[in-house]
Structures are given as C-alpha cells and as structure tokens.
Amino acid sequence: MASAGASVTQLASKLYEHCLNNFPLDQLFYQQDLLGLGIVPKSDIALLLKCTQSLVDQKLFRLLQGKNERLAWKIISREDAEKLQNLSPDESLVYNVIHSTGRSGIWVRAIGNRTGLHKSILDRCLKSLEGKNYIKSVHNVKFPSRKMYMLAGLAPSEDVTGGAWFTDGVLDENFINTVAGYIEYTVSRKSWFEVPSADAQRNKRIKTSDGSAAVKQEPGQKSYIPFPAGFRGYPTVAMLTGAVNESGITPVRLGEESIVQLLDMLCYDNKLVALNNGEMYRSVKNPEAVKQSQSRKSAGEDTGIDDRLVTNGMTEAPCGHCPVFKLCAPGGAVSPENCEYFDPWLEKALGF
Amino acid sequence: MTSQFAGELCTLLVDDNFGELFARIFSTLVRYDRLSLARLKFYSRLSNAQLRHGLAAMIQQHLVFHYTSYDDGVTYYEPNMQSAYYLIRSGKILEFIEERLGKYAATVMSTIMFLGHAQVAYLETIPELKNSDPDVNGPNEDNEEYQEFGEQNGPKEHEADERYQEPKDELNGLNGDQSSIGNLALLHPTLKALAGHGYISRVRDAQFQSYADNVLDSERTLKARPDIKALKGKKLEEAVVEGTLNLLKERLDGDLTRGLVFNGIPRGAKRRHTSASEAPNKKERLDYAAVDEDDVEEENEWSDDEFGEDTVPMESGITVRINYEKLDVALRNRRFLELAERDSSSVTAEVYECLLRRIEYQTMKCRDTTEIPREGEEGEQYSVPISLRAVVEEIDPLLDLAGSIGPMEVSQPISRRGKRPLDDSMNGVGHEGTNGEQSEGNRTYEVDQHLCLLAQPPYNLTSKRIVSGLITWTVEFRHLARKLRHLELERIIEARYGDVALRVVRVLHEKGKLDEKRLQEISLLPFKDLRQVLASMQAGGFVDLQEVPRDAQRQPSRTIFLWFYDPDRVCNSILEDTYKAMSRCLQRLRFERSRLKEFLEKTERSDVKGNEERYLSEAELALLEQWRAKEALLLGEVARLDDMVAVMRDY
C-alpha cells in the first residue's frame, strides 16, 4: 500500500512536471488528454484519478468541470500552490470561488451562497486572505454599494471599472474634458480647409464686390472653408485613437471603444458630426473657433454666448424664466400687471 | 388650437386690433364656441344692432365663421381662431412681402389685410394705393423694375407701354390727378405678382364656414347624389371619404396662380441679380437652346404669354384675401435658410436660397394634414424636385462659387482653383462673356457641390434625386420641420438647465428609454450631475420616468426606472406656454399703457400728433421715446414668440 502510495506520488509529480513544461498555465486537461500523455501506465483510469486527486490535494491541480459535465483539471504554478497550501480549508474554498470569477470580481453575498459558509467565518476568511494580500476589494461602478473581491494580482475588467473614463469607480470629469477637447481640436483641424493667406485676401475682395456679407478678416487670422461633400480625408476612429495615445495626455493607453464612447458624446454635444455611420468624424466648428471656445471655457468666463444655440422668444422673455409662470393669471395673485420681472427686463434691454 | 391660453391670446389680439365690441363677441364665442344669434346675444349682453354690426364686420375680417343649418334654418356663429391668430403675424408678412416684391406690394398687401378681403375693383378706388408719396409707397424702385421688365421683352415694349396707358386714360377721366396715374398702373401688375406667388387667393363662399361644417356639408351633398346612394357598406364609406376631400378641395380652392406661373417662376418675380448684364443672359438662353429643343418652344410661348397676360389687368370682379398658408411656406423657407446660414458659408446659403425660392413657387402649403403628425409617424414629404439647371439659372452669375469649398485632396494645390475668381475681379464685368463661356459646365458642377454640402448631416438640408436622368434637388419638409422644432426645444432646455441637460436630452431622444446607468455610460456624466439635471428637468416637464416593476410587489428596489424624452409632449406644453407668454406680454403692454394713459392721450391729440417737437416738453419727449422703445420691445418679443409658435404649430 505504501509503495503504491509512493508510486502514485511519483507518478503524480511526473505528470505535473510534464504538464507544466509542455503546456501553458491555463490549458484545460480532460482525462483523455492526461492519459494521452503516456505517463500513466496502461491508461489506467483509476490510477490516473488517484494521481490527480493527490495533485489536487497538494493544490498543484485545480479541479474543474469542463464541457458536458466532464471532469477537467488545470495546473497551478508552484508559487501559487504554496500559497494555497498554507490556507485553511475554508480559506481555500473562498479563494477558489474568488479565483473562478476572474477579472469581474465577486460580491460577498455571492461568495456566501456558493461556499455555504457562515457569514462570520466568511468574514474571517476574507480578512485573512486580504491580509495575506491574496485578494483585494474592488469598487464596481454598476453596483457602487456592493462589496466585491477579486484576486490581488488581477486588473479589474472594464465592466467593473466602467471603462477608461472611470478612476476608482468615479467618472473622471477632468480627464474626459481634456481628451474631448483634444479630440475636437484634432478633428476640426482635419475637417476644414485652411485657405492660404494670399487666397484669403482675394476671397475677401470678391465677396465684397457682389455685395453679400463679406467675411471680416483681420490680418493674421486664418480663414477656413469646408471640404466638398464626399471628402475622404476626415479622421477615422483609428486615426484619432492613435493621435490621442501619442499625444501624451493620457496616462493609460485608451482603446478604440473608449474613444468611440467619447466621440459619441461629442456628437451628442453637437461638436462633431459622424459621417457614414461613424466611419469618419467632422467637426462643426473650425479650429479657430474651437480654440477660442476652449480658452474661454478654461478662463472660466460664463459669457459663452457664441457657444450657445441662438436664443428664441421663450428664453428671452421674462416668462421663460419665471418660477411662478404656472400661477400667473390676469387679476390673480401673480399677474402680468404686478409682475416683478418685466420692469427689470425692460430696463436691461432698453438701458434706462 | 382651442385652449385656454390660445383663446385668451386671440381675444387680446382682436381687442388690440379691432376694439372692444369685437373682443366682446369674440371672447363670448371662444368661451361658448358655437352659438346662435339669440344665445350669443344672451351671453354677450349686447344689443341687437351692436351684434349685427359687429358680426358683419367680423365676418368680413374672417374672424367669425357662420353657418346656416338646413334643418332648422338657424345661423350659428363660431370663432375663427386661426385667422385671429394670424393678426400677430401681419407685420412679419408685410416685411417679407416688402423684401420680396417691393414696398408698393407691401402696401397693397397691408390694405387687403386691413380690409379682410377686398374686390379688385374696390382696391382700385382706394386712395392709399394711388397715393404716390414716395416716403410711404416708394414706387420708384418698383417702376424701375417694371420698366426693366419691358425692356427685356424687347420689341414688345411699345405694346407694353400702351397697356400702361389704358388705365391711365380711364383714371384721368375720373380725377385727373397726374401723380396718381403711374401708381394705379402698378396696382394690377402688383396684384398679379402677388397672385402669381400665391400670396393672395380668391375668396370662396366655403371659406366663411368652419372646416367641420364644410366637411359635413360636402358629405351631405355627396350622399344625396344618386350614384353614391347606390353604393353600400365599405364601398360607400370609401367613396364618401374620397368624394368629400375632392369636393372640399374644389370648394375651398382659391388658387390664383393658374396662368401666372411660367416655367416654375411666377409673374413679376423679382430678379435679384438685375446687375447681371444682358450678355450672359443671352448666352444662357443659347446654350439652353442647344441642349434641348423642346424647351425653346416653351420659352417662346412664355414670352408670348408674358405679353398677352400682362396687358389684361386683374379681373376686377375677383375678391382677394391673404393666403396665409402660402405665406407660412415662405416663412418656413426663411427659417430653413437661417438654419443653413448657421453652419455654412454665405455662398452656400445663397445657393440654398435660390433652391428654396424655386421650391416655394410650387409649394402651396406646409403640409397636407391639418395637425402636425406625431413624431415617428409623419413619414417623409419631399418638395417638388427642382432641376439643377433651374437652380443655376436662378443664381447670381457674379457669385463666386469656387472660393468657398475646399479641394477634394488636401495636397491638391489651391492655385488652380483660385485662378478663376481672380480673373473675375481683375477684369470686371466687361469680360464676363468670355468667362461665362469657359465656366458654364463648371458652374453647374459647383452649384451641385454646394448643394451636396447642404445635403450632409447633421441637418440634411437638401437631398438629391435623379429624375429621368436629370439631376434634381429636393427638400424633405417633415424632417426639417422636425429639426426646427427640436432646435427650439433644445434652446429652451439649454437656457433653463445648461448644456449638460442638452446632452442628456439628445441621448435620450436618440436612444429612447434608458435607465440611469446606461444613460451615464453614454453621456459620460458624473452621477451627481446627472441625477440633479434629470430631476430638475422632470420637474419642468421635459423628461419623464417610467417604472417597470420586476415583480408584482412593485417594490422600488425591484423596479427598473427608465428615463425618456417625448418631444411631442414637450412641444405641446411649450406651445401652450408660448401662447401664455405672448398674452402676458400683450397684457403687460396694456398695463404699461394704462400707467401712461394721460400722457399718451396727450400725444395722440390731433394737434400734438405729428408736431410733438413743438408741443411737448423735453421730459415729455424723452418719455415718449421711452414708451415707444418699450412698446417696440414688447411687440418684438411677441413676434419672436410667434416664430416659435410657427415652428411648433404651423410648419
């Protein structure tokens, strides 16, 4: 019996060595695969199972359920195995559950459900695992109130962090604005044709000669004209992603999905226009205007009137802003006769 | 448009324009809707004589519908809110007419407006239309215009002159006032121009009855017909519906443009580029001939017609009125143009204006349905296609088309493109001919390029169609009207809730219903800001929340909350608010007037009026100045609000 045990251990370590050397760490082994290696003599399934069980006990193999409910194993590297060997059974149970969820992390209550451990024991396990720096707690944007864990060595997935635009689960507004501003400017530089200065002069003269409104051009100011329809030179997502990553304004490399997200946002802001279903992007304003509005914003001036849509009757009239508009009726407590907004409005508009 | 605030506004307008008696009758009718004379008398507490006089005049002004029932022989009266509302748009319309057809046309228009409707023969006798005071009517430029017209006709000039002579003689017999002669000769061509553009229409009996009465009446007539009586069931229904529509069209139709429109251009349409010398025009004609033989014949016919039609004055028996439907089309086109001007160069906008003008000539009203259809159910409604060549013809030949569009490739040298305009300006008009020759095909291409530019997102102001091998351009009205509507709403939202709200609303509008998390992901806004802005917009009625419970208990924790933005709903509530704001402005104006009542009465005294400088003190003059500014501001504001109403209700 002892010799049989010893041979199993030997065989098991041989099996482990072979797998470790010849396959990547996340290779999934079925029974057939292990028998096919030719290490277990005579393809003895019982012997193989003994070997794998001993490996699982030593935390060198992880038992998994593959397709069609078949048994399967994965190898664990020696360092990790050492870690696991030092854990108590409860802890290793918890560790395995957390490990199984990978980069998406797992909610504490879900660990409880899956392990069937009592809450106090679970808390103790989590505390000790966290103390050993095997796991970490993460913040999920989708469920900000849930306490979630994942292995310490993993980076949280985009679902958890909310993508590149979140820092510690909070939307990073400054970062977004910086990148958005950069993108808008980049796009606008490519979507307007800059008239060479000599030509601009000529344009001016022609426009005034036929009496239509001439574009006022101060010397030194560039003038821009649109490209014809069907122009193919507008920037694409790939170009913009490249430009943003090269610009050095982002500490992390941004993926195309993140840039698309931002581009969509800019489209909703009416700053960019998507052409051909988002294949290319064109800016609404020319580079000069973009620069001006951005510098205005950064200077903190709130009189960004050019930036706004043109006002209409309702936004100008005092009624448009009146907090008690709904109550207003002739002869009522609030009435056009005793309205306190009209006089200041008239004074402001007429300047007396 | 029957609602509390619309009624209030219309009553105010009637009061301001026509005085208390009208207002009393109108407000009674607005409150009780359809009334017989006896009930009207009872509710309005007016005497018989007052009522009769009032109603007769109000019918003349189209403020009241009347209908005599066949069954009991009683006449019922109903308010005509639409036409009461249009009182507010009169200023805008006159300004538009003046810009389009000159001062004199605007005077004619305002006279017709003032009278409600008028017979042409009566218009002939009105002194204002004969009055040749240049300050008021400014007939000079018009005269020039018509003279030019004569010149273009070439050999027929003399006959044309004779035509002018004819009415002159008549008139001389009447009053012998030398100065009035030239002007009355203008009246008929002006009326024709107005009719040709469709700005005035013939008055039909059916127009004095409300639309519902007309429908019932037509149905009754139709059902009495033997061939319809023979039908049964579904067939009968269909036949009646179709027949009613046809009959209505026939009865309400006051179209005067027939025979006054040639090749899609109405009589007397003002050529904007009169500075263009004769030479390029001739050139165009020649090219035209070379390309298409059939068209030449038409051309010739046209010139014959031109002569033949013009010598005949407007039939003096016709009664004309303002055609507000058509004017709405023209005003709507102006809004489209403004939209184009925001993002495009002035040249592109000018090209667009030419296209829109050609389209306007052939568009009778803004839409076929009486109500604006719900969002997403309206379908598409394209304007008549205008051939590219027609647009090219319309455009000022001196307009520099090439200079405002960039090259297809960035690397392409600009000099090749820049060359031609340089020649233009250097050599001046004298060399136009040679220049025109080389660029004829080019020009067409360039115009096409400008129109392509307009067809691009976000507004898609134009769309290209190939009709039997020819390039034509159209405008999709419903889509653009919707854009205008959204723009108005967005402006309000931006002003009230800031640009963050604007982004949120645009996301919701495009994506439909969204929960908070998804909304945040798309709009990239911090939760705090997002919630704040959503809550305040919900309080203001701009966005709404739908609750979808996941189980029967409907616990908040087990419920999905979806935000949505329904532009139709918002639009309707804003429309009501706009009516209300308009009437508040008018009421405030009245209040301001009452504050200054005594002073204003003094300024309106017959001896003071016109001699303010002499009779009023310095302080009083300043006060008058102030008052006028105030009045102008408030009325201007009302006009601005009317722009919004037009977008939300009429376009």
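Numbers given for residues are sequential positions, taken from 1 along each chain in its written order. Key to labels: chains lettered from A, ligands numbered from 1, both in the order written. The predicted origin of the model limits local features to residues at a pLDDT of at least 70 and limits the giving and counting of side-chain atom pairs to 80 or more, whereas totals for whole chains, interfaces and linings rest on all residues.

Moving on, we come to the overall build of chain A. Secondary structure counts use DSSP, requiring at least four H or I residues in a row for a helix and at least two E residues in a row for a strand, with both numbered from the N terminus. Across its full length, chain A holds 16 helices and twelve strands. When the 352 residues of chain A are sorted by exposure, 28% land in the buried category. Here the contact rule is simple: place C-beta atoms from the backbone, and any two residues whose C-beta atoms are within 7 Å are in contact. Partitioning the intrachain contacts of chain A with sequence separation of at least 6 by distance along the chain shows that 53% fall at a separation of at least 24. Three exposure classes are used, based on other C-beta atoms lying within 10 Å of a residue's own C-beta, which is placed from the backbone: buried for 20 or more, exposed for 12 or fewer, and partly exposed in between.

Attention shifts here to the confidence of the model for chain A. Residues and elements named next belong to chain A. What pLDDT expresses is the predictor's confidence in each residue, scored from 0 to 100. Per-residue pLDDT for chain A averages 79, and the proportion of residues at 70 or more is 86%. Within chain A, the lowest mean pLDDT, 46, falls on helix α10 (residues 197–209), and the highest, 90, falls on helix α11 (residues 237–247). Segment residues 200–219 is flagged for pLDDT under 50; beyond a separation of four residues in sequence, or across chains, it makes 31 contacts in the model. Low pLDDT (under 50) marks residues 301–307, which in the prediction has five contacts with non-local residues, meaning those over four places away or in another chain.

Cis geometry marks the peptide bond from P457(B) to P458(B); its omega dihedral reads 5 degrees. Topologically, P458(B) is positioned in the loop between α23 (432–455) and β10 (463–467). The phi dihedral of K59(A) is positive, around 65 degrees, even though this residue is not glycine. Looking at the element boundaries, K59(A) is found in the loop between α3 (45–57) and β2 (61–65). Even without being glycine, R554(B) reaches a positive phi, approximately 60 degrees.

Residue and element names in this part refer to chain A. Two strands are counted as paired when DSSP detects at least two bridges linking them. Read from one edge to the other, the open sheet built from three strands follows the order β4-β6-β5, with strand pairing classed as antiparallel. Each edge of the open sheet is held by one strand with a lone partner, namely β4 (106–107) and β5 (135–138). Summarising the sheet, β4 and strand β6 (residues 148–151) pair through two bridges and their orientation is antiparallel. Considered in β6, the bridge of I106 is made with Y149.

With that out of the way, let us pick up the UniProt feature "domain: DNA-directed RNA polymerase III subunit RPC3 winged-helix" (unreviewed entry) in chain B. UniProt positions are given in the numbering used here, feature names are shortened, and annotations may be inferred rather than shown by experiment. Listed under "domain: DNA-directed RNA polymerase III subunit RPC3 winged-helix" (unreviewed entry) in the UniProt record, and renumbered for this structure, are residues 489–564 of chain B. Helix makes up 58% of residues 489–564 of chain B and strand 16%, whereas the separation of the span's terminal C-alpha atoms amounts to 15 Å.

All names here are of chain A. Here strand β1 (residues 29–30) runs beside strand β3 (residues 71–75); their pairing, made up of two bridges, is antiparallel. Note that in β3 the partner of Y30 across the bridge is A72. By the bridge criterion, five bridges tie β2 to β3 in an arrangement that is antiparallel. Considered in β3, the bridge of L64 is made with A72.

On to the interface of chain B and chain A, then. On the chain A side, the residues contacting the 60 residues of chain B number 54 residues. Of all the secondary-structure elements, those providing two or more residues to the side of chain B that touches chain A are α20 (346–361), α22 (415–427), α23, α24 (477–511), α25 (516–523), α27 (567–595) and α30 (618–650) of chain B. Take the side of chain B that touches chain A: its biggest share by element is ten residues, from α24(B).

Quick look at the sheet that holds strand β5 (residues 200–202) of chain B now. All names here are of chain B. Judged by pairing direction, the sheet is antiparallel, and its three strands sit side by side in the order β4-β8-β5 without closing on themselves. Every interior strand has two partners, whereas the edge strands, β4 (117–119) and β5, have only one. Across the sheet, the axes of successive neighbouring strands diverge by a mean angle of 35 degrees, strand direction being ignored. With three bridges joining them, β4 and strand β8 (residues 319–322) adopt antiparallel strand pairing. To obtain an axis, a line is fitted to C-alpha atoms, over the contacting stretch when the element is a helix, and the angle between two such axes runs from 0 to 180 degrees between their N-to-C directions.

Each domain's extent is set by a domain assignment, obtained either automatically or from a database. You can read the domains of chain B as domain 1 (4–79), domain 2 (88–203 + 258–322), domain 3 (205–252), domain 4 (329–475), domain 5 (498–565) and domain 6 (580–650). One C-alpha centre belongs to domain 3 of chain B, the other to domain 6 of chain B; they are set 48 Å apart.

We define the nonpolar core as any set of buried residues of the types Ala, Val, Leu, Ile, Met, Phe, Trp, Tyr and Cys, connected via C-beta atoms lying within 7 Å of each other. One finds C10(B), A105(B), V108(B), L194(B), L355(B) and V505(B) to be the most contacted residues of the largest nonpolar core, which totals 159 residues. The greatest single-element share of this core, amounting to 14 residues, is contributed by α24(B). Once residues lying within four places of it in the same chain are set aside, the contact partners of L194(B) are L101(B), A105(B), V108(B), M109(B), Y199(B) and I200(B). L15(A), Y16(A), F29(A) and L34(A) belong to the second largest nonpolar core, which has 16 residues in total.

What follows covers the environment of A390(B). Residues and elements named next belong to chain B. Take A390: it is sitting in helix α21 (residues 388–394). Among the residues examined, A390 registers 17 C-beta atoms within 10 Å and is labelled partly exposed. Residues A390 and E446, 56 residues apart in the sequence, show an inter-C-alpha distance of 14 Å.

A few words on the packing of α24(B) against α25(B). All names here are of chain B. Following both chains from N to C, one finds α24 and α25 inclined at 115 degrees, their axes separated by 10 Å at the closest point. The angle between the axes of α24 and α25 places the two elements in the roughly perpendicular class. Crossing of α24 over α25 shows right-handed handedness. The residues of α25 that touch α24, namely those facing R503, V504, V507 and K511, are L519, I522 and S523. Residues are grouped as follows: Ala, Val, Leu, Ile, Met, Phe, Trp, Tyr, Cys and Pro are nonpolar; Asp, Glu, Lys and Arg are charged; all remaining types, including Gly, are polar. Considering only residue class, the contact of α24 with α25 consists of four nonpolar, one polar and two charged. Geometric relationships in this document are graded by angle, where less than 35 degrees denotes roughly parallel, more than 145 denotes roughly antiparallel, 65 to 115 denotes roughly perpendicular, and other angles denote oblique. Throughout, a crossing is termed right-handed when the near helix is turned clockwise from the far one, and left-handed when it is turned anticlockwise from it by less than a right angle.

Time to look at the environment of K528(B). Residues and elements named next belong to chain B. For K528, the position within the fold is in helix α26 (residues 527–539). K528 gets classed as exposed once you count the C-beta atoms within 10 Å, which come to 10. Separated by 87 residues in the primary sequence, K528 and Y615 place their C-alpha atoms 64 Å from one another.

Quick look at α26(B) now. All names here are of chain B. Taking 1.5 Å per residue, 13 residues should reach 18 Å; α26 reaches 18 Å between its end C-alpha atoms and fits that length. Of the surrounding secondary structure, the elements contacted by the buried residues of α26 are α24, α25 and β13 (559–564). G541, located one to two residues past α26, shows a positive phi value of around 85 degrees. Every helix has an expected span of 1.5 Å times one less than the residues it contains.

All right, on to the pairing of strand β11 (residues 272–275) of chain A then. Residues and elements named next belong to chain A. Where β11 lies against strand β12 (residues 280–283), four bridges are found, and the strand directions are antiparallel. Along β12, the bridge assignment pairs L272 with S283. What sits between β11 and β12 in their antiparallel hairpin is a turn of four residues, with N276 showing a positive phi close to 50 degrees.

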